[in-house]
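Residues per chain, in single letters:
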Amino acid sequence: EVQEGFHVLIYFKSVNEAMRFDQILEPFIDKKEIDLSIYNEQSLTNINDETIETIPHLLTAPTQLSFRELLNILNESFEYVIGYAHLDRTKHSGLVYCHQYELNFVEVTKHVSESFIDHHYLDRYPIMMNSDAHQIMDISEKNIHNYIELNELNIDSLFRYFHHG
């Protein structure tokens, strides 16, 4: 969560890049221990979806960075794609910003209506559906808004898709 109160999803080309970004971001995060009676366990998984680390603090903890400051950090030394998270929710949605800051994609929940997408002109972006899951089993299956065609099944092809459609 950025200072403006909305969530973004950031994808990196490698785990090492994500971990390097995490080290830079770490001092800007207010860490609160996760309450498992309220939230699901949050974990890092490997390529085989096996848990390699459980995260003890809430991953949705807000940062002390503005959206512009976050972009400045990313643009300095990272190759990434970034999108607005769960735009159809009333809480932590960047919907009011999505026409101000052009990002690579938007993410919506599986409950989004076609009229919501049409009304907010979201179809001009690649749309991810329910990808903001904290467990692999919560990610939605393929549908019209959760399907992309890649030339090759690799990260470079995925990044080309998000940068050029």
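Above this note sits the structure.
Residues numbered from 1 in each chain as written. Predicted model: local features only at pLDDT ≥ 70, side-chain atom pairs only at ≥ 80, totals over all residues. Heavy atoms only, no water.

**Quick look at the sheet that holds strand β1 (residues 8–12)**
Two modes of strand pairing occur in sheets, parallel and antiparallel, and in both the strands are linked by backbone hydrogen bonds.
(1) Moving on: The four strands are arranged β1-β4-β5-β6 in an open sheet whose pairing can be described as mixed. Edge positions in the sheet fall to β1 and β6 (127–129), since each of these pairs with one other strand and no more. Strand-to-strand twist of the sheet, defined as the mean angle between neighbouring strand axes without regard to direction, takes the value 30 degrees.
(2) Moving on: Of the strand pairs in this sheet, β1 and strand β4 (residues 80–84) are connected by five bridges, and their pairing is antiparallel. Residue pairing across strands places Phe12 opposite Tyr80, the latter belonging to β4.
(3) Moving on: Those strands touched by helix α2 (residues 67–77) are β1 and β4, and its axis lies near 160 degrees from that of β4. (Pairing = 2+ DSSP bridges. Helix = DSSP H or I, 4+ residues; strand = E, 2+ residues; numbered from the N terminus. Axes fitted to C-alpha atoms, helices over the stretch in contact; angles between N-to-C directions. Contact = heavy atoms within 4.5 Å.)

**Here's the deal with the nonpolar core**
(1) Moving on: Of all hydrophobic cores here, the largest spans 32 residues; its most connected members are Phe21, Phe67, Leu70, Leu74, Ile82, Tyr84 and Leu122.
(2) Moving on: Elements with a minimum of two residues in this core: β1, α1 (15–25), α2, β4, β5 (105–108), α3 (114–119) and β6.
(3) Moving on: When residues of this core are assigned to their parent elements, the largest contribution, five residues, is made by α2.
(4) Moving on: Those residues within four positions of Phe21 in sequence are excluded, and the remaining contacts are Ile10, Phe12, Leu70, Ile73, Leu74 and Phe78.
(5) Moving on: One finds Leu9, Ala85, Phe105 and Met128 within the second-largest nonpolar core, a separate group that totals eight residues. (Core = buried A, V, L, I, M, F, W, Y, C linked by side-chain atoms within 4.5 Å. Buried < 20%, exposed > 50% of the residue type's maximum accessible area, 1.4 Å probe, protein only.)

**Observations regarding the pattern of salt bridges**
(1) Moving on: On inspection of all chains with the given rule, the structure shows six salt bridges.
(2) Moving on: Note that Glu79 and Lys13 form a salt bridge whose closest N and O atoms lie 3.1 Å from each other. Here Glu79, found in the loop between α2 and β4, pairs with Lys13, found in the loop between β1 and α1; they are 66 residues apart in sequence, far enough to count as distant.
(3) Moving on: Judged by relative accessible area, Glu79 falls into the partly exposed class, the value being 44%.
(4) Moving on: For Asp30, the salt bridge identified is with Lys32, shortest N-O distance 4.0 Å. (Salt bridge = Lys/Arg side-chain N within 4 Å of Asp/Glu carboxyl O.)

**What to know about a nonpolar patch on the surface**
(1) Moving on: Among the surface-exposed residues, Val15, Met19, Leu44 and Ile52 lie close enough to one another that they form a single nonpolar patch of about 360 Å² accessible area.
(2) Moving on: With respect to the helices and strands, Leu44 occurs in strand β2 (residues 42–45).
(3) Moving on: Take Leu44: its relative accessible area is 32%, and that puts it in the partly exposed class. (Patch = residues over 30% accessible without salt bridge, like charges linked within 9 Å, V, L, I, M, F, W, Y side chains within 5 Å. Areas by Shrake-Rupley, 256 points an atom, 1.4 Å probe, with all protein chains shown as cover.)

**Structural notes on the environment of Pro56**
(1) Moving on: Among the structural elements, Pro56 can be located in the loop between β3 (51–55) and α2.
(2) Moving on: Look at Pro56 and you get exposed, because its relative accessible area is 52%.
(3) Moving on: Expressed as a C-alpha distance, the spacing of Pro56 and Glu33, which sit 23 residues apart in the sequence, is 5.8 Å.
(4) Moving on: In contact with Pro56, other than residues within four places in its own chain, are Lys32, Glu33 and Ile34.

Honestly, it's all geometry; don't read function into it.
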